[in-house]
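What follows is the residue order along each chain.
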Amino acid sequence: MALLSFLFNSKPKTASAAKERLQIIIARERSGRTGYDFLPALHAELIAVISKYTKVDPKDITLSLDRKGDLEVLDVNVVLPEIEMRS
Amino acid sequence: MARIIVITSGKGGVGKTTSSASFATGLALRGHKTAVIDFDVGLRNLDLIMGCERRVVYDLINVVSGEATLRQALIKDKHCENLFILPASQTRDKDALTEEGVERVLNELIQMDFEFIICDSPAGIEHGAIMALTFADEAIIVTNPEVSSVRDSDRILGIIQAKSRRALNGGEPVKEHLLVTRYSPKRVDAGEMLSYTDVQEILRIPLIGIIPESEEVLSASNQGNPAIHIKDSPVSQAYVDVVGRFLGEDLPLRFTDYEKPGFLKRIFGGK
């Protein structure tokens, strides 16, 4: 048996596990240090600007920064309140 | 124009000092006036690797604090005419390493017509490591094909991109190079070790060289000889290639492929 496993090397390939784990953890750590610490300030100002024109709940404005391939995407989502229809 | 190059890694024990010693020696052997500075205040070791530990009189902190002149502290290498070593302090507090002080020492080296200034960074991401990378024009990131080393390299790349002078001044960014050390083509072939292409794919910086794992590195450091001086060794040839590529030569990678021993050799001997 020992001779067989010596001749037909059948150790598990762990390098691919290492690569996969690194890719995941490094992507996460990089997203935490993009240097875009302006998001909270931008959020506050957006609320102020939008509130000038329509009533909006601050919770309905969300900002997020995503990475798609080599592009960074700033996603701004504003949910407007339902407008009462005048009859 | 002088170039300041930091050799850094985040993680300890990956080969920063070995690489600093061999890279600086290689540049000097090519005829360039080179200085290599140990930034590991409190844990000086470059002097041992370069084999000049008994000639240390003054150190980097003495120069920074004005207790000695730079000329007094620089140690001429025993092999190369145009290579000088500036050792770290063994006793002093690392806070004595001020940003102004380091900048002054670097400027003075430039005034003395040094073409290359190699900054051997301590491990970690503390003050000493930050001081070593602050003024760098280029960075050589020393990485072992191993998970913790690759992760720490990515971390230190982030710090270079945030805290170096070049990053803060918003000009041309620090030029980054990946140096993979302790590489074992046999283990890569067996699927036990990350390949250099894996490491490069993860870190996304250009590769400047691959140093194969070798027992000769230990015997070189035992004797206080930079590994690049070992005769006819893959390690020294790999370091020579790194220096060549750094100086702009287009050299193919060597010592990265594993040749499987034949069936008979596997049965009748050979490692």
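Residues numbered from 1 in each chain as written. Chains lettered and ligands numbered in written order. Predicted model: local features only at pLDDT ≥ 70, side-chain atom pairs only at ≥ 80, totals over all residues. Heavy atoms only, no water.

Undergrad: Describe the sheet that holds strand 5 (residues 116-120) of chain B, listing the residues and the values that go with them.
TA: Strand-to-strand pairing in sheets goes through backbone hydrogen bonds, with the strands running parallel or antiparallel. Residue and element names in this part refer to chain B. One open sheet accounts for 8 strands, arranged 3-4-2-5-1-6-7-8; its pairing is mixed. Every other strand in the sheet has two partners, leaving strand 3 (75-76) and strand 8 (207-212) as the edge strands with one partner each. Alignment of strand 6 (residues 138-143) against strand 7 (residues 175-183), held across 6 bridges, turns out to be parallel. Within strand 7, the residue paired with glutamate 138 across the bridge is lysine 175. Contacts from helix 5 (residues 99-111) reach strand 1 (3-8), strand 2 (34-38), strand 4 (83-86) and strand 5 within the one sheet, and its direction differs from that of strand 5 by about 150°. (Pairing = 2+ DSSP bridges. Helix = DSSP H or I, 4+ residues; strand = E, 2+ residues; numbered from the N terminus. Contact = heavy atoms within 4.5 Å. Axes fitted to C-alpha atoms, helices over the stretch in contact; angles between N-to-C directions.)

Undergrad: Report on a nonpolar patch on the surface, specifying residues and quantitative values.
TA: A grouping of Phe38, Leu74, Val76, Val78 and Leu80 of chain A is seen on the molecular surface, where their side chains present a nonpolar patch of about 390 Å² in accessible area. Residue placement: valine 78 of chain A occurs in strand 2 (residues 71-78). (Patch = residues over 30% accessible without salt bridge, like charges linked within 9 Å, V, L, I, M, F, W, Y side chains within 5 Å. Areas by Shrake-Rupley, 256 points an atom, 1.4 Å probe, with all protein chains shown as cover. Salt bridge = Lys/Arg side-chain N within 4 Å of Asp/Glu carboxyl O.)

Undergrad: Go over the packing of aromatic side chains, please, and point to the residues and values.
TA: Residues and elements named next belong to chain B. In this structure the tally under the stated criterion is 4 aromatic pairs over all chains. A ring pair is formed by phenylalanine 84 and phenylalanine 114, whose centres lie 5.7 Å apart and whose planes are at 85°; its orientation type is edge-to-face. Here phenylalanine 84, found in strand 4, pairs with phenylalanine 114, found in the loop between helix 5 and strand 5; they are 30 residues apart in sequence, far enough to count as distant. Take phenylalanine 84 and phenylalanine 114: they sit in the same class, and that class is buried. The ring of phenylalanine 114 carries the charged tip of lysine 33 above its face, separated from the ring centre by 4.6 Å. (Phe/Tyr/Trp six-rings, centres within 6.5 Å; stacked < 30°, edge-to-face > 60°. Buried < 20%, exposed > 50% of the residue type's maximum accessible area, 1.4 Å probe, protein only. Lys NZ or Arg CZ within 6 Å of the ring centre and 35° of its normal.)

Undergrad: So what's going on with unusual backbone geometry? Which residues, and what values?
TA: The general pattern is negative phi for most residues beyond glycine and trans for most peptide bonds. Residue and element names in this part refer to chain B. Of note, aspartate 113 is a non-glycine position whose phi angle comes to about 70°, a positive value. Positionally, aspartate 113 belongs in the loop between helix 5 and strand 5. Phi angles above zero are rare outside glycine, and arginine 204 is one such case at about 55°. With respect to the helices and strands, arginine 204 occurs in the loop between helix 10 (196-203) and strand 8.

Undergrad: So what's going on with the side chain of serine 153 of chain B? Residues and values would help.
TA: Residues and elements named next belong to chain B. Residue placement: serine 153 occurs in helix 7 (residues 147-163). Relative accessible area serves as the criterion here: at 0%, serine 153 is assigned to the buried category. Within the local environment of serine 153, its side chain forms a polar contact with the side chain of threonine 143, the two groups lying 2.8 Å apart. In this structure, serine 153 is in contact with Ser9, Ile141, Val142, Thr143 and Leu203, ignoring residues within four places of it in sequence. (Polar contact = N/O pair within 3.5 Å; in protein donor to acceptor, adjacent residues only side chain to side chain.)

Undergrad: Describe the environment of arginine 151 of chain B, listing the residues and the values that go with them.
TA: You can see arginine 151 of chain B is positioned in helix 7. Spatially, the C-alpha atom of arginine 151 of chain B lies 8.7 Å from that of leucine 203 of chain B, the residues being 52 residues apart in sequence. Not counting the four nearest positions on each side in its chain, arginine 151 of chain B is found in contact with Leu22, Ile25, Ile26 and Glu29 of chain A.

Undergrad: Help me get a handle on helix 12 (residues 234-246) of chain B, residues and values and all.
TA: Residues and elements named next belong to chain B. The terminal C-alpha atoms of helix 12 lie 18 Å apart, and with 13 residues this matches the ideal 18 Å at 1.5 Å per residue to within 8%. All of the buried residues in helix 12 are Val235, Ser236, Ala238, Tyr239, Asp241, Val242, Val243, Gly244, Arg245 and Phe246. Backbone nitrogen of valine 235 and a side-chain oxygen of the N-cap are separated by 3.0 Å at the start of helix 12; the cap is serine 233. Just downstream of helix 12, glycine 248 is the residue with a positive phi angle, here 100°. (Expected span 1.5 Å × (residues − 1).)

Undergrad: Pulling in residues and values, what's your account of the pairing of strand 4 of chain B?
TA: Moving residue by residue along a regular strand, the side chains alternate between the two faces of the sheet. All names here are of chain B. With burial as the criterion, each face of strand 4 is covered, one bearing Leu83 and Ile85 and the other bearing Phe84 and Leu86. Two strands pair when backbone bridges link them, and strand 2 and strand 4 are joined in this way by 4 bridges, in the parallel orientation. Residue pairing across strands places isoleucine 37 opposite leucine 86, the latter belonging to strand 4. The sheet contact formed by strand 3 and strand 4 spans 2 bridges and is antiparallel. Paired with lysine 76 across the two strands is phenylalanine 84, which belongs to strand 4.

Undergrad: Now, about the pairing of strand 8 of chain B: what can you tell me, with residues and values included?
TA: All names here are of chain B. Counting buried positions over the 6 residues of strand 8 gives 5, a clear majority of the element. Sheet analysis places strand 7 next to strand 8, joined by 4 bridges and oriented parallel. When the bridges of strand 8 are listed, valine 180 appears paired with isoleucine 210.

Undergrad: Give me the nonpolar core: which residues, what numbers.
TA: All names here are of chain B. Grouped together as the largest cluster of nonpolar side chains are 53 residues, with contacts concentrated most on Phe39, Leu86, Leu97 and Leu109. Counting residues per element, this core draws most heavily on helix 7, which supplies 5 residues. Apart from the residues within four sequence positions on either side, leucine 109 is in contact with Ala35, Ile37, Leu70, Leu74, Phe114 and Ile117. Counting 35 residues, the second-largest nonpolar core is a separate cluster that includes Phe23, Ala24, Ile230 and Tyr239. (Core = buried A, V, L, I, M, F, W, Y, C linked by side-chain atoms within 4.5 Å.)

Undergrad: Lay out the interface of chain B and chain A in plain terms, naming residues and giving numbers.
TA: The extent of an interface is frequently quoted as the accessible surface area lost upon association of the parts. At the interface, 19 residues of chain B touch 18 residues of chain A. A combined buried area of about 1,800 Å² lies between chain B and chain A, and 50% of that area is made up of carbon and sulfur atoms. The interface formed by chain B and chain A holds 4 salt bridges in total. Two residues, glutamate 201 of chain B and lysine 19 of chain A, come together in a salt bridge whose shortest N-O distance is 3.2 Å. Inspection of the region where chain B meets chain A yields 7 residue pairs in polar contact (both at pLDDT 80 or more). Top element by residues in the side of chain B that touches chain A is helix 7 of chain B. It accounts for 6 residues. (Buried area = accessible area lost by both parts, 1.4 Å probe.)

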